[in-house]
Amino acid sequence: MKIARVHATPLNVPLEYSAGGVGRSTSLSACHVEVETADGLVGHGLTAITEEEVAAGIINAVAGPALVGMDAMNHEAAWNKLYWLLCPRGQTGYGMHAVAALDVALWDLKGKALGQPVWRLLGGARSKVPVYTTFGFNFLDRDALAEAARACVAEGFGHLKMVVGHGALQRRDEPRPLGEVIREDALRVRAVREAVGAQPSLYIDANCSLDGFHAEKLALSVRDCDIAFFEEPVTQNDVRLMADLRRRTGMAVAAGQNEGLAFRFRDMLTAGAVDYVQPNVVISGGFTQAAKIAGMAEAYNVPMANGGAFPLHNMHLHAGLAHGGRVEWHLVAVEMMRKLYRDIPEPRDGWLELPEAPGLGFEPDRASIAEIAKLPCSAGKGKG
């Protein structure tokens, strides 16, 4: 199982959002990775929510060549080598995206070599996982949000997530007062809750776009809407601010989808900053590190949830480990998956059945990937 070839392809994927009769053209960026052994077995991985051309450059120029000649079955050795090559001083950025994509590909290879799906190699705790759907994006007005929410419930989704914050801190010089942003957010959240009634669970996600004061003010203003958790409420996943938010509002907090190294999750857990940890295997160091983060969370009796989308990869983590939880069926990211892969599973009645095929259980559509690769990269605009 000697690694003979590693190649990464940067992609900016054009997409169409559609829910409840509402449509919108958009795009997401990703980096597709393939690792081939000397005997011709090929594993594939992915990273996203990053600059795709940067991640591909790291893999093709630095990380990939470092893996050539190693045994693809030795994922701990490979992970350790990549860590000291790319992140020796605790960096948690682009280098960890590259590690994640390569680690996912190595686990796909391992599953294929052993004839087992990744979720079973991780422990086989369950053969299906519950999902929540992310449907509510900033480009939808209140009426469109309500219509899209009702459509998702009609399709069998009982757990709904919507975005708040709308890049508030990043855009504060437009001018665009943060107070106005969260006042509108509160109206949008209330419109969704009124549209779907009391039964569906409702989650909100600020994508690290608020300061502590405005995150708290928003949380208090929608507390009567029965929010299941507030994801990435504050800038930089600031541990102190998240702990304060939990204590002062009583609202559950979730974070971690964009964190690169395990110590960040340790700090969240020891500070009592989160009610849900959200390692994402395509960002948080692949299956190798995400499984260790899950172990930490279990020791603290803090549940896990998938954040940052890419459920086709993360479903293996949450099905494999007894401490797994709910997987994010992000409507835009799923459209990307449909363009990049063949034979992907689809949820039914709020559950996603895990594939029995070896490895990740689905394969790249190489013809489609080749066509998308001809398009210009996102130049930093494809993170979603």
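Scroll up for the structure.
Remember, predicted model here, so these are calculated numbers, not experimental data.

Cut-offs used in this document
Residues numbered from 1 in each chain as written. Predicted model: local features only at pLDDT ≥ 70, side-chain atom pairs only at ≥ 80, totals over all residues. Heavy atoms only, no water. Pairing = 2+ DSSP bridges. Helix = DSSP H or I, 4+ residues; strand = E, 2+ residues; numbered from the N terminus. Axes fitted to C-alpha atoms, helices over the stretch in contact; angles between N-to-C directions. Contact = heavy atoms within 4.5 Å. Buried < 20%, exposed > 50% of the residue type's maximum accessible area, 1.4 Å probe, protein only. Right-handed = clockwise from strand over helix to strand, strands pointing away. Phe/Tyr/Trp six-rings, centres within 6.5 Å; stacked < 30°, edge-to-face > 60°. Lys NZ or Arg CZ within 6 Å of the ring centre and 35° of its normal.

**Q** Got a minute to help me understand the sheet that holds strand β3 (residues 42-48) in this structure?
**A** Strands belonging to one sheet form pairs held by backbone hydrogen bonds; the direction of such a pair is parallel or antiparallel. A sheet is described by the order of its strands in space; here three strands give the open sequence β1-β2-β3, paired in antiparallel fashion. On the outer flanks of this sheet lie β1 (3-19) and β3, each paired with one strand and no other. Between one strand and the next, the sheet's axes are offset by a mean angle of 25 degrees, whatever the strand orientation. Sheet analysis places β1 next to strand β2 (residues 22-37), joined by 16 bridges and oriented antiparallel. The partner of Tyr17 across the bridge, within β2, is Arg24. Lying on the sheet, helix α3 (residues 94-114) is in contact with β1, β2 and β3; it crosses β3 at an angle near 150 degrees.

**Q** What exactly am I supposed to notice about the pairing of strand β6 (residues 201-205) here?
**A** In summary, the side chains of a regular strand alternate between the two faces of the sheet. Of all five residues making up β6, four are buried, and the element is well covered by its neighbours. Pairing analysis gives five bridges linking strand β5 (residues 159-163) to β6, with the strands arranged parallel. Of the residues in β6, the one forming a bridge with Met162 is Ile204. This β-α-β element, β5 to helix α6 (residues 178-196) to β6, shows right-handed connectivity. Looking at chain direction, β6 and strand β7 (residues 227-231) are connected through three bridges and run parallel. Each bridged residue has a counterpart across the sheet, and for Leu202 the counterpart in β7 is Ile227. Each parallel crossover has a hand, and the one from β6 via helix α7 (residues 212-221) to β7 is right-handed.

**Q** What is the right way to read the packing of aromatic side chains from this model?
**A** Geometry of an aromatic ring pair is reported as the spacing of the ring centres plus the angle between the planes. Inspection of every chain in the model, using the stated rule, returns 11 aromatic pairs. An angle of 80 degrees between the planes, with centres 4.9 Å apart, marks the rings of Tyr83 and Trp84 as edge-to-face. Ring-pair connections join several aromatic residues into one group, and the members of that group are Tyr132, Tyr203, Phe229 and Tyr276. Sitting above the plane of the Trp107 ring, Lys110 keeps its charged end 5.1 Å from the centroid.

The quantities given are spatial measurements derived from coordinates; they are silent on function.
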